[in-house]
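Residue-level listing of the chains:
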Amino acid sequence: MFYPGPIERLIENLTKLPGIGRKTATRLTFFLLNSKGGYISELSESLVDVKEKIKLCSVCFNITDVDPCIICTDPRRDGSIVCVVEEASHMMVVESANPGRYKYHILHGVINPIEGIGPDEVRIKELYDRIVREGIKEVIIATNPNMEGNTTAHYISEILKPLEVKITRIASGIPIGGDIIYIDPLTIKSSIDNRKNL
Ligand SMILES: [Zn+2]
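Residues numbered from 1 in each chain as written. Predicted model: local features only at pLDDT ≥ 70, side-chain atom pairs only at ≥ 80, totals over all residues. Heavy atoms only, no water.

Overview of the overall build of the protein
Next up, step 1: Looking only at helices and strands, one finds seven helices and six strands in the protein.
Next up, step 2: Taken from N to C terminus, the helices and strands of the protein fall in the order α-α-α-β-β-β-α-β-α-β-α-β-α.
Next up, step 3: For 198 residues, the compact-globule estimate of 2.2 N^0.38 gives 16 Å, and the protein exceeds it by more than 25% at 22 Å.
Next up, step 4: Projected onto the principal axes, the alpha-carbon positions of the protein cover approximately 65 × 45 × 35 Å.
Next up, step 5: Within the span of the protein, comprising 198 residues, buried residues form 32% of the whole.
Next up, step 6: Here the analysis covers contacts within the protein between residues at least 6 apart in sequence; of these, 47% occur between residues at least 24 apart.
Next up, step 7: Summed over all atoms, the accessible surface of the protein reaches about 13400 Å², with 59% contributed by carbon and sulfur. (Helix = DSSP H or I, 4+ residues; strand = E, 2+ residues; numbered from the N terminus. Rg over C-alpha atoms; globule rule 2.2 N^0.38 Å. Buried < 20%, exposed > 50% of the residue type's maximum accessible area, 1.4 Å probe, protein only. Contact = heavy atoms within 4.5 Å. Areas by Shrake-Rupley, 256 points an atom, 1.4 Å probe, with all protein chains shown as cover.)

And the structure:
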């Protein structure tokens, strides 16, 4: 059974969103259909607004409505340390744990040969140029500790080797509050390899 054209169109568009199947899309469509108080105009305006006003910062590639972004222009931050992350959402997580400390560089992806994503598809060249331009002293590579994240971290460290910059990698190991009994062998190995003096 098909609903009237405009309803079908909305359902179809909603199913393009990640994690939304036809059932949920239909439920959302009928919720919207029954909504009151100008919610639909507010929602559609905010969608257009995001598309029109949000761009990438020309320095760090953070998502922003001003260029350079407010993090790049924040004078309290230590401009000599740049934390490299895969996505803007990862930056938000690092930032919430270390508010106002570092500047960032968002790669917008990781090297993934299986999916055909090479170093030129992520913002590594821009990172190199930025380190030269801004005289950055330390790069903290905070890509995920999985195969693609590690490959990308390794590639970045090789590329940056000729520059006088300290390159560090976030540690991976047992989570705070965790229990060794439940930790996989690779993580245990990593935490032993990355052990520190007490
Ligand atoms: Zn920025």
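Having seen the structure, we can now continue with the description.
Digging into the packing of aromatic side chains
Next up, step 1: Counting across every chain of the model gives two aromatic pairs.
Next up, step 2: Summarising the aromatic geometry, the rings of Tyr3 and Phe30 are spaced 5.2 Å apart at their centres and angled 65 degrees between planes, so their arrangement reads as edge-to-face. Of this pair, Tyr3 sits in the segment before helix 1 (5-15) while Phe30 sits in helix 2 (residues 22-34), and the two are 27 residues apart along the sequence.
Next up, step 3: We classify Phe30 as partly exposed; its relative accessible area is 29%.
Next up, step 4: Both rings, one in Phe31 and one in Tyr39, keep their centres 6.3 Å apart while their planes meet at 75 degrees; by these two values the pair is edge-to-face.
Next up, step 5: The class for Phe31 is exposed, based on a relative accessible area of 53%.
Next up, step 6: With relative accessibility at 37%, the residue Tyr39 sits in the partly exposed group. (Phe/Tyr/Trp six-rings, centres within 6.5 Å; stacked < 30°, edge-to-face > 60°.)

A closer look at unusual backbone geometry
Next up, step 1: Look at the link from Asp67 to Pro68: it is a cis peptide, with omega at -5 degrees.
Next up, step 2: Within the element layout of this structure, Pro68 appears in the loop between strand 2 (63-64) and strand 3 (81-85).
Next up, step 3: Here Phe61, not a glycine, exhibits a phi torsion of approximately 70 degrees, which is positive.
Next up, step 4: Among the secondary structure elements, Phe61 is positioned in the loop between strand 1 (55-56) and strand 2.
Next up, step 5: The residue His108 is not glycine, and still its phi comes out positive at about 60 degrees.

Points about the sheet that holds strand 3
Next up, step 1: Pairing within the open sheet is parallel, and its four strands lie in the order 4-3-5-6. With partners counted over all chains shown, the strands left at the sheet margins are strand 4 (103-106) and strand 6 (166-169), one partner each. With direction set aside, neighbouring strand axes in the sheet form an average angle of 25 degrees.
Next up, step 2: Relative to strand 4, strand 3 runs parallel, the two sharing four bridges. (Pairing = 2+ DSSP bridges. Axes fitted to C-alpha atoms, helices over the stretch in contact; angles between N-to-C directions.)

Focus on the side chain of Thr64
Next up, step 1: With respect to the helices and strands, the residue Thr64 is situated in strand 2.
Next up, step 2: Setting aside residues up to four positions removed in sequence, Thr64 forms contacts with Lys53, Ile54, Lys55, Leu56, Cys57 and Cys69.

As for a nonpolar patch on the surface
Next up, step 1: The grouping of Val50, Ile54, Leu56 and Ile63 at the surface amounts to a nonpolar patch, some 330 Å² of accessible area in total.
Next up, step 2: Mapped onto the fold, Ile63 is located in strand 2. (Patch = residues over 30% accessible without salt bridge, like charges linked within 9 Å, V, L, I, M, F, W, Y side chains within 5 Å. Salt bridge = Lys/Arg side-chain N within 4 Å of Asp/Glu carboxyl O.)

Concerning the domain arrangement of the protein
Next up, step 1: Domain annotation of the protein identifies domain 1 (7-44) and domain 2 (77-173).
Next up, step 2: Taken over C-alpha atoms, the centre of domain 1 sits 37 Å from the centre of domain 2. (Domains from an automatic or database assignment.)

With respect to the coordination of the zinc ion
Next up, step 1: Taken together, the protein donors to the zinc ion comprise Cys57 (SG), Cys60 (SG), Cys69 (SG) and Cys72 (SG), at separations of 2.3 Å.
Next up, step 2: The site at the zinc ion holds four donor atoms, and with the angles between them running 103 to 115 degrees, its shape is tetrahedral.
Next up, step 3: Positions of the donor residues of the zinc ion along the chain correspond to the pattern C-x2-C-x8-C-x2-C. With Cys57 in the loop between strand 1 and strand 2 and Cys72 in the loop between strand 2 and strand 3, this residue pair connects regions lying 15 residues apart in the sequence.
Next up, step 4: Cys72 sits in the buried class, given a relative accessible area of 12%. (Donors = N, O, S within 2.8 Å, 3.2 Å for Na, K, Ca; no water. Tetrahedral: all angles 85-135°; square planar, octahedral: opposite > 155°, others 65-115°.)

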